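# Observations on the three-dimensional arrangement
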Amino acid sequence: MSYSLTLERLSGKVAVVTGASAGIGKATVELLVKQGLIVAGIARRVTRIEEHAQKLNGEKGTLHPYQCDLTQQDQIISTFEKIASELGSIHVLINNAGMLFPSNIIDGDIEKWKPVLDTNVLAVAICIRQAVADMKKHNTKGHIINMNSFAGHQVIDHPLLSLYPASKHALTALTETVRLEINREKLPIKITSLSPGAVETEFVDAAFGPQPKADSNRKVMQSEDIADAILYILATPDHVNVKELIVVPQGESF
C-alpha cells in the first residue's frame, strides 16, 4: 500500500517536542504546525518558542510554549501533566533535546558529565515514561522519536567529546529496550531512533564556541533536512515501524 508524505491523520493531535527553541527542534515544530498538529514545544529558553509561536500564528496547527529544565525530574513530570491537561492526550513525542559539555574523561571535569547524562539519557527515559502512560490511558496509536546521533553508533576521533558518544550509544540501547517493552505489552506505539550526521545548528557553537560557517568543502546538513526525515518517519502507515534511521551528508566519509 502506498502512502504520501503527509500527516493528515495526525492533524489536530498533540505532539511534544523537547529542545524546541532552536535548530532541529525549531525546524521540527514548524513542520508539525504546518501539518496541522497541536505542538507543545519544551525548552529552557521558552521566550524563543513564544516568539516562534507568534510567527506561526494562522498556520493549520498551533505551537504552545512550555518552559522546563530537563535535568530536573519534577519539572519534566509536571510539564507533561500540564500538557495533557491543557492540550489533550499525547500522540507524538520527539525527544530532541541534547547536551554536550567539552571535556576529557581521563582528566576531565566531573561536574560537566552529569548534565550530559541527565539530558541525553535520563530525561529521555522520563519523557518516554510520561508519554507512554498517557498513550496507554487513551489507547493511543502513538509514535516516539528519539533524536540520536551518528555518534550513537560509532565513536569518532574528536577531542573533548567526553560522555556525549557514550550517552548516544546508551540512547540506541534505550530506544530498542523501550521497543521491546512496548511489544511485550502489545501497545499500538511505534518508536524510532533517528541518527543525524553533521547538521549546521547552534549545538556545536554552544559547546565549542563559534564555528566557521559551512563552505563547499565542509559536508553538512540543515535542520530542515532532519525535520523532513521526521516527516517521513511519522508518515509511515500503522503496520510499519522505522526502528533506526541514519541520515548523513552526501559524500560523508564516515
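Before any of the text, the structure's been laid out above.
Rules and cut-offs
- Residues numbered from 1 in each chain as written.
- Predicted model: local features only at pLDDT ≥ 70, side-chain atom pairs only at ≥ 80, totals over all residues.
- Heavy atoms only, no water.
- Helix = DSSP H or I, 4+ residues; strand = E, 2+ residues; numbered from the N terminus.
- Rg over C-alpha atoms; globule rule 2.2 N^0.38 Å.
- Buried < 20%, exposed > 50% of the residue type's maximum accessible area, 1.4 Å probe, protein only.
- Areas by Shrake-Rupley, 256 points an atom, 1.4 Å probe, with all protein chains shown as cover.
- Lys, Arg positive; Asp, Glu negative; His and termini not counted.
- Charge placed at Lys NZ, Arg CZ, Asp CG, Glu CD.
- Contact = heavy atoms within 4.5 Å.
- Expected span 1.5 Å × (residues − 1).
- Salt bridge = Lys/Arg side-chain N within 4 Å of Asp/Glu carboxyl O.

What follows covers the overall build of the protein. Of regular secondary structure, the protein possesses 7 helices and 7 strands. Reading the protein from its N terminus to its C terminus gives the helix and strand order β-α-β-α-β-α-β-α-β-α-β-α-α-β. Relative to its length of 254 residues, the protein is compact, with a C-alpha radius of gyration of 17 Å against a globular reference of 18 Å. The principal-axis extents of the C-alpha atoms in the protein amount to approximately 50 × 40 × 40 Å. For the protein, the proportion of its 254 residues judged to be buried stands at 49%. Just so you have it, the protein exposes about 12700 Å², and 51% of that area is on carbon and sulfur atoms. The centroid of the 25 positive side-chain charges in the protein is displaced by 6 Å from the centroid of its 28 negative side-chain charges.

Moving on, we come to the side chain of N148. Of note, N148 is situated in the loop between β5 (143-147) and α5 (164-184). According to the relative accessible area criterion, N148 is buried, its value standing at 3%. Leaving out residues up to four positions away in the same chain, N148 has contacts with H153, K168, L171, T172, S193, L194, S195 and P196.

Right, let's get into helix α1 (residues 23-34). With 12 residues, α1 extends 17 Å from end C-alpha to end C-alpha; this agrees with the ideal 16 Å at 1.5 Å per step. Within the span of α1, buried status applies to I24, G25, A27, T28, V29, L31, L32 and V33. The positive-phi residue at the C-terminal boundary of α1 is G36, with phi of around 100 degrees.

Following the criterion strictly, the structure yields 7 salt bridges and no others. D238 serves as the salt-bridge partner of R9, at 4.0 Å between the closest nitrogen and oxygen. Of this pair, R9 sits in the segment before β1 (14-18) while D238 is found in the loop between α7 (223-235) and β7 (244-247), placing the two residues 229 residues apart along the sequence. By relative accessible area, D238 is classed as partly exposed at 46%. Ionic contacts of the salt-bridge type, sharing partners, join the residues R9, K141 and D238 into one network.

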